[in-house]
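So the chains spell out like this:
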Protein chains: 2
Amino acid sequence: MRYKPENLRHDMEEVLTKLGTLEEDAKVVSEALLRAEMRGFGSHGILRFPKLISSIEHGFQKTKTRITIERETTNSALINGNSGLGIVVAKKAMELAIEKARSNGIAAIGVHNTNHFGMAGYYAEMAARRDMIGIVMCNTEPAMAPFGGKTPILGTNPVSVAIPTKKHPVVLDTATTNIAKGRILKAKKEKKLLPEDCALDREGNPTINPEKVFSLLPLGGKNFGYKGYGLSFVIDILCGHLVNAESGKDVKGTVTLEKCTKGDLFIVINPSCFTDIDLFKSKVDRLIQDVENDGAMFPGEIEEIKEEQNRKGVEIQDEIYNEFKKVVENMV
Amino acid sequence: MRYKPENLRHDMEEVLTKLGTLEEDAKVVSEALLRAEMRGFGSHGILRFPKLISSIEHGFQKTKTRITIERETTNSALINGNSGLGIVVAKKAMELAIEKARSNGIAAIGVHNTNHFGMAGYYAEMAARRDMIGIVMCNTEPAMAPFGGKTPILGTNPVSVAIPTKKHPVVLDTATTNIAKGRILKAKKEKKLLPEDCALDREGNPTINPEKVFSLLPLGGKNFGYKGYGLSFVIDILCGHLVNAESGKDVKGTVTLEKCTKGDLFIVINPSCFTDIDLFKSKVDRLIQDVENDGAMFPGEIEEIKEEQNRKGVEIQDEIYNEFKKVVENMV
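In this text the structure is predicted, and so the values were computed from the model without any measurement. (Residues numbered from 1 in each chain as written. Chains lettered and ligands numbered in written order. Predicted model: local features only at pLDDT ≥ 70, side-chain atom pairs only at ≥ 80, totals over all residues. Heavy atoms only, no water.)

Participant: Explain the overall build of chain A to me, please; I cannot follow it from the model alone.
Facilitator: From N to C terminus, chain A includes ten helices and eleven strands. Computed over C-alpha atoms, the radius of gyration of chain A comes to 20 Å, within 12% of the 20 Å expected from 2.2 N^0.38 for 332 residues, which places it in the range of a compact globule. For chain A, the C-alpha atoms occupy an extent of roughly 55 × 50 × 40 Å along the three principal directions. Going through the 332 residues of chain A one by one, you find that 61% of them count as buried. For chain A, the proportion of contacts with a sequence separation of at least 24, taken over those separated by at least 6, is 66%. For chain A, the accessible area works out to roughly 12900 Å², and carbon and sulfur atoms hold 49% of it. (Helix = DSSP H or I, 4+ residues; strand = E, 2+ residues; numbered from the N terminus. Rg over C-alpha atoms; globule rule 2.2 N^0.38 Å. Buried < 20%, exposed > 50% of the residue type's maximum accessible area, 1.4 Å probe, protein only. Contact = heavy atoms within 4.5 Å. Areas by Shrake-Rupley, 256 points an atom, 1.4 Å probe, with all protein chains shown as cover.)

Laid out in structure tokens, this is it:
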């Protein structure tokens with residue numbers, strides 16, 4: 001079934017404000033989840049709303065989001081999210097990064113004591129919309145075995161990079177595993193097999209049987225996965241120990257119902273400190289033209305097309321929508 | 001055959017100083033190439049020395065390396081390498097990034113009008129050795145087709161991230177393609193086939209025949225290569241148009257004998273602006289312990305082992321050594 005974005009947005013805002021969220025923050029959370037859904041990031045979309053509400057009800061996520069800046073320099077800050085809404089904390093962090101990068105070449109904001117922020121690209125794009133380059137990373141609960149190992153130690157640790165252009169921003173938003181955790185759940189439910197080269201069983205052998213999956217293979221799979229593993233490893237530290245959050249096996253609460261120990265890192269580069277911004281944007285457009293002339297898309301293009309197609313109605317699976325609606329009806 | 005590192009180093013230094021390179025700069029270039037060779041990055045090692053000399057002789061690379069800082073803020077700079085030695089320019093850029101990051105949380109230095117800098121990890125590690133996190137990227141001549149396309153437009157665009165620990169730094173150093181260009185040449189020479197999922201022919205179909213390779217597949221291969229492609233795409237811009245260098249098809253002279261139009265980006269994060277550096281390093285060591293307990297290695301561990309093994313003698317293929325020796329004997 002297809003659902004009108006404005007209705008989904010309205011439902012989420014209403015539930016969140018009933019739970020004590022500031023109207024402004026409720027709008028941010030609803031928008032971030034809705035845009036993830038519309039851009040094809042279903043696992044960070046409507047599906048997450050019931051989880052978010054449950055996390056609020058269990059006291060792991062506070063609807064009154066107050067951040068504390070614990071350390072600060074002209075172009076960096078360490079933010080304590082005080083267990084606020086992960087999406088609101090992340091947006092505030094990105095705003096601070098943009099502000100600090102405006103008068104500097106680059107700024108970095110680390111965040112700990114926060115919650116799942118949804119789709120990384122949402123924040124990276126904020127920078128691109130203001131003529132800056134946004135880089136966003138976070139760590140997540142263990143899902144990936146280190147390359148050559150068997151045990152899930154690292155997260156799917158996504159990275160997003162958004163770059164301004166004359167038209168639509170380039171938005172790369174990718175996990176460092178070949179597939180997301182959600183794909184396993186989906187395959188289980190539909191009794192389908194997984195693609196090759198995505199997962200390992202408990203003994204560390206490749207498997208395409210979703211019931212046997214114990215860990216995910218890093219980007220690059222069994223032959224080149226040391227590359228994706230390496231990326232995930234450094235992201236785990238940049239978003240963990242660097243920012244006073246946890247890393248590796250101690251990252252919790254991004255999926256499970258418990259105190260969330262993950263961290264985020266927001267980096268913003270101001271192209272105007274390096275080059276002429278208009279020239280820069282025109283040149284990026286030329287590179288986009290080159291890949292399009294070759295029959296390919298720029299990073300973020302397919303998501304942009306999906307978002308456009310979904311403006312009149314977003315396709316959501318019955319099961320996911322019913323769970324969502326149940327939460328809304330219980331509350332409103 | 002195995003060759004003593006100190007002899008290789010001495011030969012390179014002698015040739016470079018004969019060509020007018022400052023003794024100090026000759027040492028840097030020799031060390032960077034030697035360490036690449038010892039760490040298993042053969043394509044950035046001794047193999048490159050004859051190419052470097054040829055590039056100097058053709059006037060594309062100046063032995064008197066003078067950099068100009070064209071733009072500067074407290075924590076960023078744009079450097080014109082003035083066609084100096086790529087390795088010397090890169091080292092100077094990284095030193096400036098470290099200096100600027102010391103009193104700030106993060107610094108970024110862009111470089112254009114420079115030459116091939118060898119192994120990215122060499123510079124990232126410089127930061128880690130001084131208790132900072134180093135991030136180094138560059139773009140290279142087109143080798144990868146955009147995901148879904150056929151034509152080489154993007155480079156193998158490597159990224160390196162080095163992180164300080166109590167013992168040895170973590171050093172990720174990876175191209176954004178599954179395999180390097182060098183692997184194709186090697187397979188051709190040895191009349192062997194390539195691994196699956198690494199390359200495309202002129203029609204955009206997968207091939208394992210090195211003679212038919214027209215483009216390299218991005219990290220992630222034919223199924224998940226949109227991820228590696230996305231990484232390569234953003235690196236191409238960060239090291240190209242952002243820093244007044246070229247991007248995409250206009251990147252030249254990293255392999256071929258012509259004016260080099262690539263660019264580099266050096267980012268340094270100062271962990272002390274976010275957390276306690278000793279605590280940070282201990283925690284990273286714990287994560288390393290966790291992956292080692294699982295039978296895996298941390299990023300850079302295998303390279304470190306190779307470097308140690310090569311201290312008494314570096315294995316170099318006859319053909320590569322002979323070409324190297326010819327250059328040395330012609331000059332000295």
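That shown, we press on.
Participant: Sorry if this is basic, but what is going on with the sheet that holds strand 6 (residues 159-163) of chain A here?
Facilitator: Adjacent strands of a sheet pair through backbone hydrogen bonds, lying either parallel or antiparallel. Residue and element names in this part refer to chain A. A sheet is described by the order of its strands in space; here seven strands give the open sequence 2-3-4-10-5-6-7, paired in mixed fashion. Lying at the two open borders of the sheet, with one neighbouring strand each, are strand 2 (68-73) and strand 7 (170-174). With strand direction ignored, the average angle separating the axes of adjacent strands in the sheet is 10°. Two elements, strand 5 (residues 133-138) and strand 10 (residues 264-269), share six bridges in a ladder whose sense is antiparallel. (Pairing = 2+ DSSP bridges. Axes fitted to C-alpha atoms, helices over the stretch in contact; angles between N-to-C directions.)

Participant: Is there a simple way to think about empty space enclosed by the protein in this case?
Facilitator: Over the atoms, a rolling probe the size of a water molecule traces out where space has been left empty. Applying the stated criterion across every chain, the model contains three cavities of 30 Å³ or more. Considered as a void within the structure, the largest cavity measures approximately 320 Å³ in volume. Elements that contribute at least two residues to the lining of the largest cavity include exactly strand 5, strand 6 and helix 7 (221-238) of chain A together with strand 5 (133-138), strand 6 (159-163) and helix 7 (221-238) of chain B. Looking at the lining of the largest cavity residue by residue, the classes come out as 18 nonpolar, one polar and no charged. (1 Å grid on protein atoms, 1.4 Å probe; cavity = no way out; pocket = protein on both sides within 12 Å on 5 of 7 lines; lining within 4 Å. Points joined across faces, edges and corners; volume = space filled by probe spheres on them. Nonpolar A, V, L, I, M, F, W, Y, C, P; charged D, E, K, R; others polar.)

Participant: Can you walk me through the interface of chain B and chain A in this structure?
Facilitator: By a widely used convention, the size of an interface equals the accessible area lost when the partners come together. The partner chain A presents 75 residues to the 75 residues of chain B that form the contact. Regarding the contact of chain B and chain A, the summed buried area is about 6100 Å², with carbon and sulfur atoms giving 70% of it. Viewed at the interface, chain A and chain B are joined by zero salt bridges. Put simply, chain B and chain A have 21 residue pairs in polar contact (both at pLDDT 80 or more) between them. (Buried area = accessible area lost by both parts, 1.4 Å probe. Salt bridge = Lys/Arg side-chain N within 4 Å of Asp/Glu carboxyl O. Polar contact = N/O pair within 3.5 Å; in protein donor to acceptor, adjacent residues only side chain to side chain.)

Participant: What's the story with the relation of the copies chain B and chain A in this structure? I'm lost.
Facilitator: Relating the two copies of this chain is a rotation about some axis coupled with a shift parallel to it. Between the two copies, chain B and chain A, the superposition gives an RMSD of 0.0 Å; the rotation angle is 180° and the shift along the axis is 0.0 Å. Read as a symmetry element, the transformation amounts to a two-fold axis. No C-alpha of chain B approaches the rotation axis more nearly than that of B:G220, which lies at 2.3 Å. Take the interface residues of chain B: 100% of them recur as interface residues in chain A, which is what a same-surface contact looks like. (Least-squares fit on C-alpha atoms with pLDDT ≥ 70 in both.)

Participant: In this structure, what is going on with the confidence of the model for chain A? I would like to understand it.
Facilitator: A low pLDDT score tells you not to read the predicted coordinates there in detail. The share of residues in chain A with pLDDT of 70 or more is 100%, and the mean pLDDT across the chain is 97. Scored as a whole, the predicted complex attains pTM 0.98, and scored at its interfaces, ipTM 0.98. (pLDDT = per-residue confidence, 0-100.)

Participant: Is there a simple way to explain the pattern of salt bridges in this structure?
Facilitator: As a working rule, side chains carrying opposite charge can pair if their charged atoms are close by. Residue and element names in this part refer to chain A. Inspection of the entire model under this criterion finds 36 salt bridges over all chains. Put simply, K281 and D131 hold a salt bridge, and the shortest N to O gap is 2.9 Å. Note that K281 is positioned in helix 8 (residues 277-293) and D131 in the loop between helix 5 (120-128) and strand 5, a separation of 150 residues in sequence. Among the ionic contacts, a cluster of salt bridges with common partners joins R35, R39, E125, R129 and E307.

Participant: Just to check I follow, could you spell out the pairing of strand 5 of chain A for this structure?
Facilitator: Strand residues, when the strand is regular, have side chains that alternate between the two faces of the sheet. Residue and element names in this part refer to chain A. Across the six residues of strand 5, six count as buried, placing the element largely inside the fold. The alternating pattern of strand 5 places I133, I135 and M137 on one face and G134, V136 and C138 on the opposite face, and all of these are buried. Two strands pair when backbone bridges link them, and strand 5 and strand 6 are joined in this way by four bridges, in the antiparallel orientation. Considered in strand 6, the bridge of V136 is made with S160.

Participant: What am I meant to see in a positive patch on the surface here?
Facilitator: There is a patch of like positive charges on the surface, built from A:K62, A:K64, A:R66 and A:K259. For A:K259, the position within the fold is in the loop between helix 7 and strand 10. (Patch = residues over 30% accessible without salt bridge, like charges linked within 9 Å, V, L, I, M, F, W, Y side chains within 5 Å. Lys, Arg positive; Asp, Glu negative; His and termini not counted. Charge placed at Lys NZ, Arg CZ, Asp CG, Glu CD.)

Participant: I tried to follow the sheet that holds strand 4 (residues 106-112) of chain B on my own but got confused; where do I start?
Facilitator: Residue and element names in this part refer to chain B. The strand order across the open sheet built from seven strands is 2-3-4-10-5-6-7, with neighbouring strands paired in mixed fashion. In this open sheet, the two edge strands, each paired with only one partner strand, are strand 2 (68-73) and strand 7 (170-174). Within this sheet the neighbouring strands show an average axis-to-axis angle of 10°, counted without direction. In the packing of helix 5 (residues 120-128) onto the sheet, contacts are made with strand 5, strand 6, strand 7 and strand 10 (264-269), and the angle to strand 6 comes to roughly 25°.

Participant: Help me out: how do you make sense of the packing of helix 7 of chain A against helix 8 (residues 277-293) of chain B in this one?
Facilitator: The packing of two helices is summarised by the inter-axis angle and the distance between the axes. For the pair helix 7 of chain A and helix 8 of chain B, interaxial distance at closest approach is 11 Å and the crossing angle is 145°. Considering how the two elements wind past one another, helix 7 of chain A and helix 8 of chain B form a crossing that is right-handed. Seen from helix 7 of chain A, the contacting residues are A:Y229, A:F233 and A:I237; seen from helix 8 of chain B, they are B:F280, B:V284, B:L287, B:I288 and B:V291. Counted by class, the contact of helix 7 of chain A with helix 8 of chain B contains eight nonpolar, no polar and no charged residues. (Left-handed = near helix turned anticlockwise from the far one by under 90°.)

Participant: What is the right way to read a nonpolar patch on the surface from this model?
Facilitator: A grouping of A:M297, A:I302 and A:I305 is seen on the molecular surface, where their side chains present a nonpolar patch of about 210 Å² in accessible area. Take A:I305: it is sitting in helix 9 (residues 301-309).

Participant: Can you walk me through the pairing of strand 4 (residues 106-112) of chain A in this structure?
Facilitator: Residues and elements named next belong to chain A. In terms of residue burial, strand 4 counts as a mostly covered element, since seven of its seven residues are buried. The alternating pattern of strand 4 places I106, A108, G110 and H112 and A107, I109 and V111 on opposite faces, both of which are buried. Direction of pairing for strand 3 (residues 76-80) relative to strand 4: parallel, over a ladder of five bridges. By the bridge assignment, I79 is partnered in strand 4 with V111. Here strand 4 runs beside strand 10; their pairing, made up of six bridges, is antiparallel. Across the sheet, I106 pairs through a bridge with I269, a residue of strand 10.

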